[in-house]
There are 2 protein chains.
Amino acid sequence: MDYRKKFIVPPGKKLRLADTDPADTRDQKSEADSADLIERYRQKLADMQTLLYAEGKRALLIVLQAMDAGGKDGTISHVMRAMNPQGVSVSRFEAPTPEEQAHDFLWRVHMRVPRRSQVGVFNRSHYEDVLITRVHKEIDADTCKARYEQIRDFEAELFDSGTHILKFFLHISEEEQLARFAQRLEDPHRNWKISEADYTERAFWDDYMDAYQDALSATSTRDAPWFVIPSNHKWFRNLAISQIVGDTLEDLGMKYPKPHVDLDKIRHDYHAAVAEADGKKKRKG
Amino acid sequence: MDYRKKFIVPPGKKLRLADTDPADTRDQKSEADSADLIERYRQKLADMQTLLYAEGKRALLIVLQAMDAGGKDGTISHVMRAMNPQGVSVSRFEAPTPEEQAHDFLWRVHMRVPRRSQVGVFNRSHYEDVLITRVHKEIDADTCKARYEQIRDFEAELFDSGTHILKFFLHISEEEQLARFAQRLEDPHRNWKISEADYTERAFWDDYMDAYQDALSATSTRDAPWFVIPSNHKWFRNLAISQIVGDTLEDLGMKYPKPHVDLDKIRHDYHAAVAEADGKKKRKG
């Protein structure tokens, strides 16, 4: 199945998050039943990234946004690990530093966009500047609207320079978040991650959903679309994102580049090197 | 087996590369026989990197150097892929740009050293500045010797700030290089990588070996050791590097950090959130 069509936020349309069930797994019954498909898409992702790297003509930027415990880290650990680390860079955006705050909000993200041949993954992104800032009323509605336009323009310029952009909102339910918080509390390998903000931000859940709806509706474009991924089931989230990224790359019709050398001359060099090696062996032996 | 002891360049001793057989696989018979061990070390590497990331107190810098086709890319693709991409950054150093050339030779590498909690992988490194430059007589013996000391001082300062350093020379034979060149020639997915320099540089093989021997002998220190990895067999190279990196990290005795919040208070927050969720459900239902 092509989850792009199912989960895209159609450009120009108003998104209603209530229409997406976070526990949805579409045509897939269970992780066990989907194991072959998961492995197939994982392999496709690896192959397509190798090709992107080889071709060297374009970049791919993957933006991940979610509520706390929504699965951004898990997506990176599972989906992005399929790719060769030489072609991937992950950028994690936390509360801005004083230096970052002294610049426009796109400055720090612009510095981290992937160069051609690379996949860049943003764990949080410039979208925080129209989400958390809006929920906590640090910016007013006019500023927020202006930023939507600035973001669209910024992403359009990236696209025009050869950077493909795929943006994912990992959609979990309030109940699922609470269940994951409970797991964190009990797991000594993970409870160091807990912050008080987990619970204080949770109180703003509905405000966040409103902010996400507005932001995603305003910034899902043909060239930089948003997808709302049902993410209560981690395995389905990983499957859907793998499929969307892998098939998007496949549809670009990339080709392995032609050698930039004359292969006949190189074959000649090769045979000369073989003869030289034989001679060296004889001299040594 | 602990390959650290077998393959380390002992600090203060003069390395003779001729003493290492590039086709060596020590106690391992074949890839098939070693499959379980390879998987075990791969898993240890993944676990240890997760712990490094969680602890957040130190960094790990892995330097890879080799002749062309020596397996730097393959090592990254196989060994480093075991780790979570969020905690790994790979830097590939090519011929310096004009901006880089306008600085001291350590400038561009210093910018790419890993921050605490991260693993940084250097595909080529500051060592090119005492290898290729020396082979092609771009620097004289005194400059080269001065750079050895500058490198030791630089790496010592990194170590003192919590950056552990492991340096690997992937040692292949001239015959193996030629065999790999032949494979590249015939594989359309790889022949775009071919450069004429592959063959011109090969003519300087013995000079390179001399340069490597000198550089590794002069810069293998207790805190930033060099290892000469027999690399004709890719599976053995991957196994040995996984073991060395994984066990070095394990020996650091890292611990998951304690939560920086009061877990009792968080448990209270959690139960309050559960009650709030129940209330919300009732109001909606």
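Our structure's up above, just so we're on the same page.
Rules used in this analysis
- Residues numbered from 1 in each chain as written.
- Chains lettered and ligands numbered in written order.
- Predicted model: local features only at pLDDT ≥ 70, side-chain atom pairs only at ≥ 80, totals over all residues.
- Heavy atoms only, no water.
- Axes fitted to C-alpha atoms, helices over the stretch in contact; angles between N-to-C directions.
- Helix = DSSP H or I, 4+ residues; strand = E, 2+ residues; numbered from the N terminus.
- Parallel < 35°, antiparallel > 145°, perpendicular 65-115°, else oblique.
- Left-handed = near helix turned anticlockwise from the far one by under 90°.
- Contact = heavy atoms within 4.5 Å.
- Buried area = accessible area lost by both parts, 1.4 Å probe.
- Salt bridge = Lys/Arg side-chain N within 4 Å of Asp/Glu carboxyl O.
- Polar contact = N/O pair within 3.5 Å; in protein donor to acceptor, adjacent residues only side chain to side chain.
- Buried < 20%, exposed > 50% of the residue type's maximum accessible area, 1.4 Å probe, protein only.
- Pairing = 2+ DSSP bridges.
- Lys, Arg positive; Asp, Glu negative; His and termini not counted.
- Least-squares fit on C-alpha atoms with pLDDT ≥ 70 in both.

## Side note on the packing of helix α8 (residues 174-186) of chain A against helix α12 (residues 263-284) of chain B
So, step 1. Running from amino to carboxyl end, α8(A) crosses α12(B) at an angle of 160°, the nearest separation of the two axes being 11 Å. Judged by the inter-axis angle, α8(A) sits roughly antiparallel to α12(B). Between α8(A) and α12(B) lies a crossing whose hand is left-handed. Residues A:E174, A:E175, A:L178, A:A182, A:L185 and A:E186 of α8(A) pack against B:L263, B:I266, B:R267, B:Y270, B:A273, B:V274, B:A277, B:K280 and B:K281 of α12(B).

## Let's talk about the interface of chain A and chain B
So, step 1. Between chain A and chain B, the contact holds 49 residues from the first and 49 residues from the second.
So, step 2. Taken together, the two surfaces of chain A and chain B that pack against each other cover about 4400 Å², and 62% of this comes from carbon and sulfur.
So, step 3. In terms of surface lost to chain B, no three residues of chain A exceed A:R81, A:Q86 and A:W192, which account for 16% of the buried area on that side.
So, step 4. Counting across the interface, chain A meets chain B through 6 salt bridges.
So, step 5. Across the salt bridge formed by A:E186 and B:R267, the nearest N and O atoms sit 3.8 Å from each other.
So, step 6. Here chain A and chain B share 16 residue pairs in polar contact (both at pLDDT 80 or more) between them.

## Concerning the pairing of strand β3 (residues 119-123) of chain A
All names here are of chain A.
So, step 1. Most of β3 is tucked away, with 5 of its 5 residues classed as buried.
So, step 2. Of the two faces of β3, the one lined by V119, V121 and N123 and the one lined by G120 and F122 are each fully buried.
So, step 3. The pairing of strand β1 (residues 59-66) with β3 spans 5 bridges and is classified as parallel. Paired with V63 across the strands is F122, a residue of β3.

## Examining the side chain of A:E201
All names here are of chain A.
So, step 1. Along the polypeptide, E201 turns up in helix α9 (residues 197-202).
So, step 2. Here E201 occupies a buried position and makes no salt bridge, while the nearest side chain of opposite charge, R124, is found at 8.0 Å.
So, step 3. When sequence neighbours within four positions are dropped, the list of residues in contact with E201 reads D68, I132, H136 and Y208.

## Topic: the sheet that holds strand β3 (residues 119-123) of chain B
Residue and element names in this part refer to chain B.
So, step 1. If you trace the 5 strands from one edge of the open sheet to the other, you get β2-β3-β1-β4-β5, paired in parallel fashion. This sheet does not close on itself; its edge strands, each paired only once, are β2 (88-92) and β5 (226-230). Strand-to-strand twist across the sheet, computed as the mean angle between neighbouring axes with direction ignored, equals 20°.

## Some words on the relation of the copies chain A and chain B
So, step 1. Least-squares fitting of chain A to chain B yields an RMSD of 0.0 Å, with the transformation described by 0.0 Å of translation along the axis and a rotation of 180°. Put plainly, the chains are arranged around a two-fold axis.
So, step 2. The share of interface residues of chain A whose copies in chain B are also at the interface is 100%, consistent with both copies meeting through the same surface.

## A few points about unusual backbone geometry
So, step 1. A positive phi angle, close to 45°, is found at B:R26, a residue other than glycine.
So, step 2. Along the chain, B:R26 turns up in the loop between α1 (3-7) and α2 (35-55).

## Brief notes about the pairing of strand β4 (residues 163-171) of chain A
Residue and element names in this part refer to chain A.
So, step 1. In terms of burial, β4 is a largely internal element, 9 of the 9 residues being buried.
So, step 2. Both faces of β4 are covered, namely the face carrying T163, I165, K167, F169 and H171 and the face carrying H164, L166, F168 and L170.
So, step 3. One ladder, built from 8 bridges, connects β1 with β4; its direction is parallel. Considered in β4, the bridge of I62 is made with L166.
So, step 4. Bridging between β4 and strand β5 (residues 226-230) involves 5 bridges; their strand directions are parallel. Of the residues in β5, the one forming a bridge with F168 is F227.

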